[in-house]
Amino acid sequence: MKIAPLIYASILFLLIRLVNDVPMGHNYFTHSTEFIAIELMGLIGGCYLYFFAANRWIRICADRHILIALEYLVVVIFAVTLPVMIMIVSHETPFYDYLPEFVIPVTITLLMSLLLYTILKYAYQKLREKEAQNENVKTELRLLRSLYHPHFLFNMLNTIYFSIDENNTKARNTIEQMADFMRMQLYEDDEPIPIEREILALKSYIELCRTRYGDSVEVSASIDARYPQDRIHPYLLLPIVENAFKHSGGNPKRIHISLMRSPGIVDFKVENTLPEMKHDKIMRDASGIGLKALRRRLVLLYPGRYDFEESSDSGLYSTHLLIRL
């Protein structure tokens, strides 16, 4: 990568000379040594600066979901400014005296810069996809290493289920829900699934938590199950709900879960009350490992196609996730 800007500068210089000088019979090297040195050093330095700035700008646009029109507008401005500044410095006369000479170098630099930026952006996207694949492989290996434990738990749950009196339907239903939930976690990979299955897992988890916490937590849920065949990567919603139950506080404890749907859109919001203590510490604790891992998965799986926000206000912690599938 260190030599790539130098190679790009050489190609750009030769292309400009070929298109600008050859048809008109000009010999560029009749210019003074100082003139040539300024343009060559300016071109090489500018290309190194462009590579650095372009790579940083690609990452910023991906992380902040900047509109593609604005993204490329910045590239155009930078690509036009670079040759203009070099020519202003190298020419001794006022730039309006040789304004027509700007057209070909600026046009070639602009087109080449747009092409290079697109290539760099494509390479960055492929790199992120590779990182996502590597992360999936690591997750699968961890899953394979831990397969024994879930199967052991399934057997134990099955034993517990049949040891419970048949009239105790609540306990039996709880065990059954837990087994179904664990089975989904064990056998789902990270490929997109119909969202109706994600919603089923979400509802099962909410019911398990209602059973666990009873009347100590007021739970309300509004789940929009429309467009069931839209596909989503699994277990992107559950960490948010789990986080809410883990960190809810106050008197009374309240949790509100809302899932709104439109074609190709998942709009998920969870709110929970916070304990009556230092809210700065609670805010740090509430955004724990689960949500950090969720953010990482979103970056890898839905780059530029999600919004994820956390906020705390008046004893209420809110998490909002919007995914464009």
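Starting from 1, residues in each chain are numbered consecutively following that chain's sequence as written. Local features in a predicted model are, by the rule used here, given only for residues with pLDDT of at least 70; side-chain atom pairs are given and counted only at 80 or more, and totals for whole chains, interfaces and linings are based on all residues. Each side-chain value is derived from all of the structure's non-hydrogen atoms; neither hydrogens nor water enter the calculation.

1. Topic: the packing of helix 7 (residues 195-213) against helix 8 (residues 238-247)
Move 1: Axis definition: a line fitted to C-alpha atoms, over the contacting stretch in the case of helices. Angles run 0 to 180 degrees between N-to-C directions. To qualify as a helix, a DSSP run of H or I must reach at least 4 residues; to qualify as a strand, a run of E must reach at least 2; elements of each kind are numbered from the N terminus. At a minimum axis distance of 10 Å, the contact between helix 7 and helix 8 shows a crossing angle of 15°. One way to sum up the angle between helix 7 and helix 8 is to call them roughly parallel. Along this stretch, helix 7 crosses helix 8, giving a crossing that reads as right-handed. When helix 7 is examined against helix 8, the residues Glu 198, Ala 201, Leu 202, Tyr 205, Ile 206, Cys 209 and Tyr 213 are found in contact with a partner set consisting of Leu 238, Val 241, Glu 242 and Phe 245.
Move 2: Here the residues of the contact of helix 7 with helix 8 sort into nine nonpolar, no polar and two charged. For classification, angles of less than 35 degrees are called roughly parallel, those exceeding 145 degrees roughly antiparallel, those between 65 and 115 degrees roughly perpendicular, and all remaining angles oblique. Put simply, a crossing is left-handed when the front helix is turned counterclockwise from the back one by less than a right angle, and right-handed when it is turned clockwise. When checking whether two residues touch, look at their non-hydrogen atoms; a contact exists if any pair is within 4.5 Å. By the convention adopted, Pro, Cys, Tyr, Trp, Phe, Met, Ile, Leu, Val and Ala count as nonpolar, Lys, Arg, Asp and Glu as charged, and the other residues, Gly among them, as polar.

2. Details of the nonpolar core
Move 1: Definition of nonpolar core: a set of buried residues of the types Ala, Val, Leu, Ile, Met, Phe, Trp, Tyr and Cys, connected through side-chain atoms within 4.5 Å. Accessible area is worked out with a 1.4 Å probe on protein chains only. A residue is then buried under 20% of its type maximum, exposed over 50%, and partly exposed in between. Core analysis: the largest hydrophobic core is formed by 35 residues, its most contacted members being Val 241, Phe 268, Leu 298 and Ile 323.
Move 2: Secondary-structure elements contributing two or more residues to this core are helix 7, strand 2 (217-223), helix 8, strand 4 (253-262), strand 5 (265-273), helix 10 (289-301), strand 6 (306-313) and strand 7 (316-324).
Move 3: Element by element, the count of residues in this core is highest for helix 7, at seven residues.
Move 4: Once residues within four sequence positions are removed from consideration, Val 241 is found in contact with Leu 202, Tyr 205, Ile 206, Ile 257, Phe 268 and Val 270.

3. Some remarks on the side chain of Glu 198
Move 1: Within the secondary structure layout, Glu 198 lies in helix 7.
Move 2: Buried and without a salt bridge, Glu 198 has Arg 297 as its closest oppositely charged side chain, separated by 7.1 Å.
Move 3: Counting of polar contacts relies on pairs of N or O atoms within 3.5 Å, with two restrictions inside protein: one atom must be capable of donating a hydrogen and the other of accepting it, and residues adjacent in sequence are counted only when both atoms are side-chain atoms. A distance of 2.9 Å separates a polar atom in the side chain of Glu 198 from the backbone nitrogen of Tyr 235.
Move 4: Excluding residues that lie within four positions of it along the chain, Glu 198 makes contacts with Ile 193, Ile 232, Pro 234, Tyr 235, Leu 236, Leu 237 and Leu 238. In summary, the charge assignment counts Lys and Arg as positive and Asp and Glu as negative, without counting His or the chain termini. Salt bridge, as used here: a side-chain nitrogen of Lys or Arg that lies within 4 Å of a carboxyl oxygen of Asp or Glu.

4. Some details on the pattern of salt bridges
Move 1: Applying the stated criterion to the full structure yields eleven salt bridges.
Move 2: Lys 126 serves as the salt-bridge partner of Glu 129, at 3.6 Å between the closest nitrogen and oxygen. With Glu 129 and Lys 126 both in helix 4 (residues 103-145), this residue pair falls three residues apart, about one helical turn.
Move 3: According to the relative accessible area criterion, Glu 129 is partly exposed, its value standing at 41%.
Move 4: Here Arg 254 makes a salt bridge to Glu 218, at a shortest N to O gap of 3.2 Å. One end of the pair, Arg 254, is in strand 4; the other, Glu 218, is in strand 2, with 36 residues separating them in the sequence.
Move 5: In this structure Arg 254 comes out as partly exposed when scored by relative accessible area, which is 42%.

Honestly, it's all geometry; don't read function into it.
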